[in-house]
Number of protein chains: 4
Amino acid sequence: MLSFVNDYSEGCHPRILARLAETNLQPQPGYGEDDFCLRAKDRIRALCESPAAEVCFLSGGTQTNRIALSALLRPWEGVLAAETGHIAVHEAGAIEAGGHKVLTLPAHGGKLDPAEAARALETFHADANRAHMVQPGLLYLSFPTELGTLYTKAELRALRALCDRYHMKLYLDGARLGCGLVSPDCDLTLPELAALCDAFYLGGTKQGALLGEALVFPKGAPGHFVTLVKQHGGLLAKGRLLGLQFDALLEDGLYFDLARNALERAGELRAVFREKGYRFYLESPTNQQFLILDRETQAKLAGNVAFSFWERYDATSDVVRFCTSWATTPEQIAALRALLPEQGRA
Amino acid sequence: MLSFVNDYSEGCHPRILARLAETNLQPQPGYGEDDFCLRAKDRIRALCESPAAEVCFLSGGTQTNRIALSALLRPWEGVLAAETGHIAVHEAGAIEAGGHKVLTLPAHGGKLDPAEAARALETFHADANRAHMVQPGLLYLSFPTELGTLYTKAELRALRALCDRYHMKLYLDGARLGCGLVSPDCDLTLPELAALCDAFYLGGTKQGALLGEALVFPKGAPGHFVTLVKQHGGLLAKGRLLGLQFDALLEDGLYFDLARNALERAGELRAVFREKGYRFYLESPTNQQFLILDRETQAKLAGNVAFSFWERYDATSDVVRFCTSWATTPEQIAALRALLPEQGRA
Amino acid sequence: MLSFVNDYSEGCHPRILARLAETNLQPQPGYGEDDFCLRAKDRIRALCESPAAEVCFLSGGTQTNRIALSALLRPWEGVLAAETGHIAVHEAGAIEAGGHKVLTLPAHGGKLDPAEAARALETFHADANRAHMVQPGLLYLSFPTELGTLYTKAELRALRALCDRYHMKLYLDGARLGCGLVSPDCDLTLPELAALCDAFYLGGTKQGALLGEALVFPKGAPGHFVTLVKQHGGLLAKGRLLGLQFDALLEDGLYFDLARNALERAGELRAVFREKGYRFYLESPTNQQFLILDRETQAKLAGNVAFSFWERYDATSDVVRFCTSWATTPEQIAALRALLPEQGRA
Amino acid sequence: MLSFVNDYSEGCHPRILARLAETNLQPQPGYGEDDFCLRAKDRIRALCESPAAEVCFLSGGTQTNRIALSALLRPWEGVLAAETGHIAVHEAGAIEAGGHKVLTLPAHGGKLDPAEAARALETFHADANRAHMVQPGLLYLSFPTELGTLYTKAELRALRALCDRYHMKLYLDGARLGCGLVSPDCDLTLPELAALCDAFYLGGTKQGALLGEALVFPKGAPGHFVTLVKQHGGLLAKGRLLGLQFDALLEDGLYFDLARNALERAGELRAVFREKGYRFYLESPTNQQFLILDRETQAKLAGNVAFSFWERYDATSDVVRFCTSWATTPEQIAALRALLPEQGRA
């Protein structure tokens, strides 16, 4: 069975396993005070060109979003996000369970429109009843978005300016940040991105690690952040496991090489689908590809190729997702090509 | 200055003040165990024809919604509501602060469409990722809605059937319940309404009381509800103040007479606006009337007539609200008629 | 039946009822923007000699404690309190429901010992594991305490100094503040008290109002405080009801006169108990008096005199509370004297 | 440097690393639906002789406690625990951040006394004000306790009976459960323990895993538990990492063999300390050993032997902890013996 279901089906890059084996019996301090964490943090500060950055390694994306937003929001504040944002849909109400409302705006290919966001904020701040409403205190963006798309530097700058005007924080969910940064469509560098954000995370789980996300506060973390992480159940006794992985992935640019592999395979995937006459739901420049697939074709593929259902499209078709990853091989793409039936032209 | 700003600008019906004076020095147990509360609860059970109903008197609508939903929802559940629902917009994130997401659906004149709600629930329960999403555990309705409109009996039954199918509770926000029930457009009785709901409240603050809402659980309250009320800061030491008011208002049907006054005045208000050529934003059969008013006319009225801004309508006009209440007099309507400029026909 | 059960058994001082009647039909803005609230706030600023103070009127003590602490604490912080503190025992977990731990210290007649508090804070800040522990961010005191006792000026200053040293806020629960301030044992003035606190409240419910507490932030309130009050369900539409009462009570010093009545009656009560040979649980200089009463005597009084059980003392006796209030009359004390059996000497 | 600082200083048992390498490129479903999780769950059900048990793999102890208690407690309930319980001291207020109070009782060598617990519950349920107090809804025990001690079967049964009488859940924190179960002082089997609890966890992090705890609900989990785990940020995309480790550890009884190693080394450690005249703070039959060490001796050991400070004992001495683990070798104990100065007799 060929699998394009997601980018977290396999274990991790072998370099990580080798490092785990090499260092296994070294005694290290707990709770993220170990040598690997310290070294990985230094690497991240250097890559971000943010010497004052504070970094915290966490286990997964929802945990990271929940803890970061708990630290950055005050009790009367909510978070502004696209209606397709991960925190708005697929985190089981984690942000609300932490006490904060997710205020949604329409999504365009997964992205917020800066002009729409500006109008919404202007309307809010002009509303005579705003003291009875949740105050937007933070803007949540995903990069790439849940639909694989990317904000341009100009868009991010416009959104940053909005945050400045309305005293909001800017937070970026980088579960697949590597895939975003190495995309040919990306006009931003990591240091530029770090300079625009109050906080963001460099995803590990979906970029070749066993687990782990590196939460970065480029201008310094909120006070007592470790205590907050502990309170949320996010502090690993063997924090070394997280530090070691980021240390291994960020050495020699492996992290970005793995993202490049995912994107090269995604490019081949797109070429195969185009060649065979398939219809794209939208143009995605990263490793998640969305297609409109009729149910007859889906039935033909069942048993040979795994992919994921995204949403119903119409009476006969669904939007489906094909995902490549650090582990996808050219052979898998070739095998998919062999299996894919040609689509007729309408 | 004539005021149609809201239905809570004055104090309370004089009968309440008289009762306060008469009973002032009677020692009574605290925390809602007093004679007035007990008697008012009996009256409500009788009016609802719900002998097993449990009733709790609270101070205001947001408090009532927050506490009731805390008791009725489990941690992984959210509440389904119209996007214009009070809990979704004007309660400062009270439901989220209590840990629960408000899942919104489009509003039509402030109302949910039962067919749309059915489709949304069907889609949710068919979603393969629903374990990562907030489970709708309760349906929140306002009656009348925030725009003064009313659900029909058929609509409420359809929504109740949806709740049964998907194991959801049905909760009804009755901040202006009296105004809803006495409306000629209302085809429901209070016992019918009580039989359809898991919980609802009979509003006092906007129906002639100084403060107070009567939260009713027709089939019995969740266990330890008083403790939850205390925890949320909703338990008044002198609970007698709430019980006494409902006891006074529910005697001889005064509560409904006051609502009838608000609706009769609203009928006169509509007639005046129609006579003068004003445009209604929607048809409201209760005490809140919404008009589209150009800014020039608004400027002419300023200083003589107070009403409230609802939202921007277009470049030259706004939606505004005129509200009548238990305290509005025919003389005030006549005075408004004298002040209102005729509107030209387009 | 003579009642000394508590200080909230009656309604309110007649002046309040008179003002309610006089102003009943005056239209006023909602949500605490009315003339009465504005005037009462001015009175409080003047009485506290704190021209920058911000004041918010709330409905009850638990609500006030919960909202104030939500605004003053950050998510990783807890509140330090005596083990007998109201928030630690009788608020149904309101502070924890808001996400914060109550860290308790031993109580001595209801009071914290400043030296013990200093040692506890020193120990906490020297603990190598403190990042895994709740940080004390605020000190909660009751004045008078739940056992009727009072901190001296020197004790309050010592506790303020501790707060300064450890970057903690100082909050004072003044449910019966009037009774504390007019006690002959009190060596503090209201302006002195205001100058020492980050926030405190001037209780109304137990000092002659129908309901209401005046929360005071002498140096200014946290931002967006009204939104937080709304979120917690504490914002009354007819906020006038709270403002009017404080305006009435604070005019001509009535608030303090009522407290003086409670204390004079408590003095008479103490004299009666002493004369009859009763044993005091502790010396209380305010309106709550605690006695050790054997169950035989309790049985004799049952049906004629109501008081409240406090806690079990030993196999034959309980600690009980007799409470006087603004409404207690010399005649009631005389009637009690007539009913009390003499106690034999051991 | 010899380290006895804790039992999570090293990586993991080599069998885990081998399994990670062998299975690394097998595609597996995410979020705990993988083959390894399924197999490990079967092993746990078999070991517990609880065929209806539901098992959930989580990342760490605080996370497990927080999520389990969120699922098991209702909003008005709190958790009863020893004052030294991990949730009461070293989880940064995680339980309170989830909205629930930790009600503490005195600890005796880290253990609750069943008779004291019975009296406390009797007092609570006899308290006329209990509706204003947090209801104890769950009893939290650690096994072994934070001080290494163990409840007997008779004690656990007495506590279970209390839970039954007062409608409370029984939850057991098994961060070091293996070390408890293999102790010669333990008179309980795992199936007996499972039968007594509503939930407990089988710790991995401190028993030879990289990370992971297996939360077991012997009679079935609360509904929608996965959604709650997701909401708390505890659901790993690559849940395989947790399942694989428990699968590896529970095969052939390795989990218990590793615990036995820790206890054998602890036995040797105790013998060395006794031989050299050291004073024990208490008798611990598991892998954590607590000694009273004067600061002079501590200074002599510094630089050669690492252990952890527990608490101040008196002017000249501290309580310190020496911990053995799955990775401790007889050579390390011998090396310690060589380094330890003899203690003089008083």
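The rules we used
- Residues numbered from 1 in each chain as written.
- Chains lettered and ligands numbered in written order.
- Predicted model: local features only at pLDDT ≥ 70, side-chain atom pairs only at ≥ 80, totals over all residues.
- Heavy atoms only, no water.
- Helix = DSSP H or I, 4+ residues; strand = E, 2+ residues; numbered from the N terminus.
- Rg over C-alpha atoms; globule rule 2.2 N^0.38 Å.
- Buried < 20%, exposed > 50% of the residue type's maximum accessible area, 1.4 Å probe, protein only.
- Areas by Shrake-Rupley, 256 points an atom, 1.4 Å probe, with all protein chains shown as cover.
- Lys, Arg positive; Asp, Glu negative; His and termini not counted.
- Charge placed at Lys NZ, Arg CZ, Asp CG, Glu CD.
- Phe/Tyr/Trp six-rings, centres within 6.5 Å; stacked < 30°, edge-to-face > 60°.
- Salt bridge = Lys/Arg side-chain N within 4 Å of Asp/Glu carboxyl O.
- Least-squares fit on C-alpha atoms with pLDDT ≥ 70 in both.
- Contact = heavy atoms within 4.5 Å.
- Buried area = accessible area lost by both parts, 1.4 Å probe.
- Polar contact = N/O pair within 3.5 Å; in protein donor to acceptor, adjacent residues only side chain to side chain.
- Pairing = 2+ DSSP bridges.
- Axes fitted to C-alpha atoms, helices over the stretch in contact; angles between N-to-C directions.
- Domains from an automatic or database assignment.
- Parallel < 35°, antiparallel > 145°, perpendicular 65-115°, else oblique.
- Left-handed = near helix turned anticlockwise from the far one by under 90°.

It is worth spelling out the overall build of chain A at this point. For chain A, the helix and strand inventory stands at 14 helices and 13 strands. Relative to the 2.2 N^0.38 estimate, which gives 20 Å for 346 residues, the radius of gyration of chain A is 21 Å and therefore close to what a compact globule would have. Projected onto its principal axes, the C-alpha positions of chain A cover 60 × 60 × 35 Å. By residue count, 66% of the 346 residues in chain A fall in the buried class. Split by element, the accessible area of chain A, about 11800 Å² in all, is 51% carbon and sulfur. Separation of charge centres in chain A, based on 35 positive and 41 negative side chains, amounts to 1 Å.

Once that is clear, we can look at the packing of aromatic side chains. Residues and elements named next belong to chain B. The full count for this structure, using the stated rule, is 44 aromatic pairs over all chains. Summarising the aromatic geometry, the rings of Phe-290 and Trp-310 are spaced 5.0 Å apart at their centres and angled 70° between planes, so their arrangement reads as edge-to-face. Of the two residues, Phe-290 sits in strand E10 (residues 288-294) while Trp-310 sits in strand E12 (residues 308-312), which places them 20 residues apart along the sequence. Here Trp-310 falls in the partly exposed class, since its relative accessible area comes to 24%.

This paragraph deals with the pattern of salt bridges. Tallied over the entire structure, the rule returns 76 salt bridges over all chains. Note that Lys-111 of chain B is salt-bridged to Glu-155 of chain B, the shortest N-O span being 2.8 Å. Here Lys-111 of chain B, found in the loop between strand E4 (102-105) and helix H6 (114-126), pairs with Glu-155 of chain B, found in helix H7 (residues 153-165); they are 44 residues apart in sequence, far enough to count as distant. Taking the relative accessible area as the measure of exposure, Glu-155 of chain B reaches 21% and is therefore partly exposed. Shared partners join several salt bridges into a network, and the residues in it are Arg-19, Arg-39, Arg-43, Asp-247 and Glu-251 of chain A.

Turning to the relation of the copies chain D and chain B, a few remarks are in order. Overlay of chain D on chain B (RMSD 0.0 Å): rotation 180°, translation along the axis 0.0 Å. In symmetry terms, the pair is related by a two-fold rotation axis. Within chain D, Arg-74 of chain D has its C-alpha nearest the rotation axis, a separation of 4.1 Å. When the interface residues of chain D are mapped onto chain B, 100% of them are again interface residues, pointing to one common binding face.

With that out of the way, let us pick up the interface of chain D and chain B. Interfaces are frequently sized by the accessible area removed from exposure as the parts join. On the side of chain B, 18 residues touch chain D, which itself brings 18 residues to the contact. In total, about 1700 Å² of surface goes out of reach between chain D and chain B, with carbon and sulfur atoms giving 58% of it. Contact with chain B buries surface across chain D, with Trp-76, His-132 and Thr-227 of chain D losing the most and accounting together for 36% of the total. The interface formed by chain D and chain B holds 0 salt bridges in total. Across the contact surface, chain D and chain B share 8 residue pairs in polar contact (both at pLDDT 80 or more). Looking at the side of chain D that touches chain B, the elements with two or more residues in it are helix H3 (61-72) and helix H10 (225-231) of chain D. By residue number, the principal contributor to the side of chain D that touches chain B is H10 of chain D, which donates 4 residues.

Contact residues are listed per partner, giving 42 residues for chain D and 42 residues for chain A. Of the roughly 3600 Å² buried at the junction of chain D and chain A (both faces included), carbon and sulfur atoms supply 59%. In terms of surface lost to chain A, no three residues of chain D exceed Asn-24, Gln-231 and Lys-238 of chain D, which account for 19% of the buried area on that side. Here chain D and chain A share 0 salt bridges between them. The interface formed by chain D and chain A includes 24 residue pairs in polar contact (both at pLDDT 80 or more). Mapped by element, the contributors of at least two residues to the side of chain D that touches chain A are helix H1 (14-23), H3, helix H5 (94-97), H10 and helix H11 (240-250) of chain D.

Below, the discussion takes up the sheet that holds strand E7 (residues 199-203) of chain D. All names here are of chain D. Strand order in the open sheet made by the 7 strands is E2-E8-E7-E6-E5-E3-E4, with mixed pairing throughout. Edge positions in the sheet fall to strand E2 (54-58) and strand E4 (102-105), since each has one partner strand and no second. Sheet twist, expressed as the average angle between the axes of neighbouring strands with direction ignored, equals 25°. Direction of pairing for E7 relative to strand E8 (residues 213-217): antiparallel, over a ladder of 4 bridges. Within E8, the residue paired with Leu-202 across the bridge is Ala-214. On top of the sheet, helix H6 (residues 114-126) reaches strand E3 (77-82), E4 and strand E5 (135-142); it is set at about 170° to E5, its chief contact.

Here the focus is the domain arrangement of chain A. Residues and elements named next belong to chain A. Assigned domains of chain A: these are domain 1 (2-6 + 255-339) and domain 2 (14-252). Domain 1 puts 20 residues into the contact, and the matching count from domain 2 is 28 residues. Contact between domain 1 and domain 2 buries roughly 1800 Å² in total, counting both sides, with carbon and sulfur atoms accounting for 69%. Sorting the residues of domain 1 by area buried against domain 2 places Tyr-255, Phe-256 and Pro-285 first, and these three jointly supply 38% of that buried surface. At the junction of domain 1 with domain 2, the criterion picks out 0 salt bridges. Linking domain 1 with domain 2 are 6 residue pairs in polar contact (both at pLDDT 80 or more), by the criterion used here.

On to the relation of the copies chain D and chain A. Between chain D and chain A, which share one sequence, the superposing operator has a rotation angle of 180° and an axial displacement of 0.0 Å; the RMSD is 0.0 Å. Both copies present the same face, since 100% of the interface residues in chain D are matched by interface residues at the equivalent positions in chain A.

Here we come to the sheet that holds strand E13 (residues 317-323) of chain A. Residue and element names in this part refer to chain A. Strand order across the open sheet formed by 4 strands is E9-E10-E13-E12, with antiparallel pairing between neighbours. Edge positions in the sheet fall to strand E9 (279-280) and strand E12 (308-312), since each has one partner strand and no second. Here E9 pairs with strand E10 (residues 288-294) via 2 bridges, running antiparallel. Looking at the pairing, Phe-280 lines up with Leu-291 of E10.

Attention now moves to the packing of helix H2 (residues 35-48) of chain B against helix H11 (residues 240-250) of chain B. Residues and elements named next belong to chain B. The contact between H2 and H11 brings their axes to 7 Å, and the two run at 45°. In terms of their interaxial angle, H2 and H11 are classed as oblique. Crossing angle aside, the handedness with which H2 passes H11 is left-handed. The residues of H11 that touch H2, namely those facing Phe-36, Cys-37, Arg-39, Ala-40, Arg-43, Ile-44 and Leu-47, are Arg-240, Gly-243, Leu-244, Phe-246, Asp-247 and Leu-250.

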